Amino acid sequence: MRNMAAFIQFLRLGTRGIILLVLPCVLAACSYSLIPAVIAVSLDRPRAAGTDALLGPAAASALAAALGLCGWIFGYITRRMAAVFAADFAFRVRREVFGKVLTCNADFPESYINAVEELILPAVDFLGRFLFLLVLAFSLVYIRPLPALMVILLVPAAFLLTRALRVGEKKYGSGERQQTAQLEKRFAALLRALPFTKQAGHIPDFLPGAFRETGDAFCRLRVRGCLALAPVFPLTGCAAGLALALFVYAAGRVLAAEMTAGVWFLCLAAIPAIFLNVRLMSAFQGRLGRALAAAQRLQAILEMQPERRPSGRESALHLKGELKLAGLCASGGEEKLLEGVSLLIPAGQKVALVGGSSGSLSCFLRVLARLYEYDEGELRIDEKDIRELDIGELREKIDFVPGEAFLFEGTLEENIRCGRPTASDEEIRLATAKLGRGDWLYDLPDGLSTRTDPGKPAPVWAWLVLLARSLLKKPAVCIIDEIAPSGDPLTEVRIQEALYTLTAGRTTVIAARRLSTLRQADRIIVFDGGRIAEEGVHEELLARKGVYAKIYENSFRHQSPDYFARQD
């Protein structure tokens, strides 16, 4: 009930669309369900003296055809409106939820939004079938109440049968998914052996047999699935046939006087329709359960209030970039990511971060960039509490460059312009020319007019676009989550030159993935868990043989020129 209440409250975002959607759905259901009633009435129509006996059935046939056409038209309108409504409703939800995510410490719940969006078309189908059965039942009662009662009593039997079949399907489907996941893991493990096979120059004796065995297991699983699920609809048809036979026997003995040709036709048409539609409606239950749970989660996000004021009023336009942290603590769910971090970063200093967990470093960067809220402690920029600054102006002075080089759909010029929408074409050209000497654009087919495709993995040079975007913004503080080395020497040089250009004279905090970044840093901060373990410069920290030295041996030593010289 709690989930349902949350779902109903959640649907307020699309109240008008729901009302408009119900009307053609009702008309489509009425059109289809009245066809057997029209035929039944035409069969029982008394023959008027001097008229053609086929007049009634002929007129009924024309009316039934018209109703069928209206049902098809209204059904098409319903499904089209449902698709448009689903897209519009999902957009409204994403906009509302995104606004909350920006001001509250929450992740964007795309999977929950998809679960609610995917419910709309099945919900419309369920409503149409329910209305079809309702209007059909009303037609039966209106024409002959007693036979209608006998037919309607079959609905619980149809429901119980479909319920039992759904339970069996769910139980089998759960087991099949588990077995499929196990086979997919085994198949993936076999595929990982292929590069080593290529290197060895021959195929091990066990490998073909293992592939064949795994493929046979997949085949057996699919065959069992077909055998288990194929009888579902035939069983429903058999049940409908048995119910039909019982009705004919009972009605022939008990209600023979009331069973005209039209009533017989209407009842015999209604019984299979009941079993079929109840069976199809039962599939809606699983989707509804997932959507209700998702709606409750989304409603909880929409009702979230920022734990702290999201934006102050003090100006942030003339910041120099000195950062001061005192006893900073932050968490992700129940896990403590930062514990008592105290640090002073003078304006213009370049600080590299290493160690700790990826969650701790990511949390630290996002707290500095004002993307995450911290739980305890103090964070100041130029001696001003970061929470008291106007967040819009603060975004202009602090720029965050993520480690994932995501580009929006469009041209490179449009992506770079996101850093400062009012920038001129000349300013964009100059920003790209400063990064990596600008020659990286010559490798692209259309230069700044090259279009991006977010559906494909971003190339390494996409990170240069992010750096150009940040350079165009001219921030006082750069917060950078560096990407891992690509293995392409030319691209590596370009990225290093771009980083040097961007960070020159600016306060910079960078999660380092390259040895060259550590060597160029004014100071290295070493995390151990959520705490600062060491700080200093590269050579000094190596000489201590502490946490940094271990991290260097495990993650950075292979990037050293001395390492390659020893390999040679």
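See above for the structure.
If you're wondering where the values come from, they're calculated on a predicted model, not measured in any experiment.

Below, the discussion takes up unusual backbone geometry. Phi is positive for R370, which is not a glycine, with a value near 65°. In this fold, R370 is placed in the loop between α13 (358–368) and β4 (376–381). Judged by its relative accessible area of 7%, R370 is buried. Located in the positive-phi region is E383, a residue other than glycine, with phi close to 65°. Looking at the secondary structure, you find E383 in the loop between β4 and β5 (384–385). The class for E383 is partly exposed, based on a relative accessible area of 47%.

What follows deals with the sheet that holds strand β6 (residues 398–401). Taken in spatial order, the six strands make up an open sheet running β6-β9-β10-β3-β11-β12, and their pairing is mixed. In this open sheet, the two strands that pair with only one neighbour each are β6 and β12 (531–536). Going from strand to strand, the sheet's axes swing by 20° on average, the running direction of each strand aside. In this sheet, β12 lies alongside strand β11 (residues 523–528) in antiparallel orientation, the contact comprising five bridges. Directly across from F527, in β12, lies its bridge partner I532. Its contacts with the sheet place α13 against β3 (350–355), β6, β9 (477–481), β10 (507–511) and β11, and it is angled at close to 150° to β3. In the packing of helix α17 (residues 462–473) onto the sheet, the strands contacted are β6 and β9, and the crossing angle to β6 comes to about 180°.

Scoring rules and cut-offs
- Residues numbered from 1 in each chain as written.
- Predicted model: local features only at pLDDT ≥ 70, side-chain atom pairs only at ≥ 80, totals over all residues.
- Heavy atoms only, no water.
- Helix = DSSP H or I, 4+ residues; strand = E, 2+ residues; numbered from the N terminus.
- Buried < 20%, exposed > 50% of the residue type's maximum accessible area, 1.4 Å probe, protein only.
- Pairing = 2+ DSSP bridges.
- Axes fitted to C-alpha atoms, helices over the stretch in contact; angles between N-to-C directions.
- Contact = heavy atoms within 4.5 Å.

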